[in-house]
Amino acid sequence: LLASSEGSYKAVPFPITPSSTTGAGDASLAALIYCLVNAIPVSEIAAIMACAGTLSSTKPGTSFCSLKELVGSLPGIKSYKLT
């Protein structure tokens with residue numbers, strides 16, 4: 001869930017078999033920072049954050065996904081505007 005002055009967005013990740021959820025929140029936060037630094041539209045940020053956290057959960061320990069993995073997996077994330 002992401003809320004901003006532009007509205008609130010919910011992202012629903014694709015199903016996974018988790019390896020480790022340690023670091024998933026850190027991966028989501030890193031994705032948020034990347035999006036803000038690169039002026040990604042708010043309407044896309046929730047999906048990118050959810051994708052980063054989801055992919056991180058499929059890896060051992062606190063491993064992050066690569067940008068290439070994220071971009072390739074992003075179509076599997078469904079994002080909805082709530083308000």
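Here is a short report on the structure shown in this document. All of these numbers come straight from a predicted model, not from anything done at the bench.

1. So, the overall build of the chain
Reasoning step 1: For the chain, the count of helices and strands is three helices and three strands.
Reasoning step 2: Helices and strands appear in the chain in the N-to-C order β-β-α-α-α-β.
Reasoning step 3: Here the chain has a C-alpha radius of gyration of 12 Å; the compact-globule value for 83 residues is 12 Å, and the two agree.
Reasoning step 4: When its C-alpha atoms are laid out on the principal axes, the chain stretches across 35 × 25 × 20 Å.
Reasoning step 5: Among the 83 residues that make up the chain, the fraction classed as buried is 37%.
Reasoning step 6: Accessible area of the chain: about 4,900 Å², with a carbon and sulfur share of 62%.
Reasoning step 7: A distance of 9 Å separates the average location of the 5 positive side-chain charges in the chain from that of its 4 negative side-chain charges.

2. Regarding unusual backbone geometry
Reasoning step 1: Residue A39 is not a glycine yet carries a positive backbone phi of 55°.
Reasoning step 2: Within the secondary structure, A39 sits in the loop between α1 (24-37) and α2 (42-57).
Reasoning step 3: Assessed through its relative accessible area of 65%, A39 is described here as exposed.

3. A few points about the sheet that holds strand β3 (residues 78-81)
Reasoning step 1: Taken in spatial order, the three strands line up as β1-β2-β3 in an open sheet, and their pairing is antiparallel. Only two strands of the sheet have a single neighbouring strand rather than two, namely β1 (2-4) and β3. Sheet twist, expressed as the average angle between the axes of neighbouring strands with direction ignored, equals 20°.

4. Comments concerning the packing of α1 against α2
Reasoning step 1: At a minimum axis separation of 8 Å, α1 and α2 run at an interaxial angle of 145°. As α1 runs across α2, the sense of the crossing is right-handed. Residues A24, A27, S28, A31, L32, C35 and L36 of α1 form the contact with α2, whose participating residues are I45, I48, M49, A52, G53, S56 and S57.
Reasoning step 2: Here the contact of α1 with α2 is built from residues that sort into ten nonpolar, four polar and no charged.

5. Some thoughts on the nonpolar core
Soluble globular proteins tend to bury their nonpolar side chains together.
Reasoning step 1: Among the nonpolar cores identified, the biggest contains 20 residues, and L2, I45, C51, L55, L70 and I77 are the most heavily contacted of them.
Reasoning step 2: Of all the secondary-structure elements, those providing two or more residues to this core are β2 (7-12), α1 and α2.
Reasoning step 3: Among the elements that line this core, the one with the most residues is α2, at ten residues.
Reasoning step 4: Setting aside its immediate chain neighbours within four residues, I77 contacts A11, V12, P13, F14, A47, A50 and C51.

Cut-off values and rules
Residues numbered from 1 in each chain as written. Predicted model: local features only at pLDDT ≥ 70, side-chain atom pairs only at ≥ 80, totals over all residues. Heavy atoms only, no water. Helix = DSSP H or I, 4+ residues; strand = E, 2+ residues; numbered from the N terminus. Rg over C-alpha atoms; globule rule 2.2 N^0.38 Å. Buried < 20%, exposed > 50% of the residue type's maximum accessible area, 1.4 Å probe, protein only. Areas by Shrake-Rupley, 256 points an atom, 1.4 Å probe, with all protein chains shown as cover. Lys, Arg positive; Asp, Glu negative; His and termini not counted. Charge placed at Lys NZ, Arg CZ, Asp CG, Glu CD. Pairing = 2+ DSSP bridges. Axes fitted to C-alpha atoms, helices over the stretch in contact; angles between N-to-C directions. Left-handed = near helix turned anticlockwise from the far one by under 90°. Contact = heavy atoms within 4.5 Å. Nonpolar A, V, L, I, M, F, W, Y, C, P; charged D, E, K, R; others polar. Core = buried A, V, L, I, M, F, W, Y, C linked by side-chain atoms within 4.5 Å.

Remember, this is a structural readout, not a statement about activity or role.
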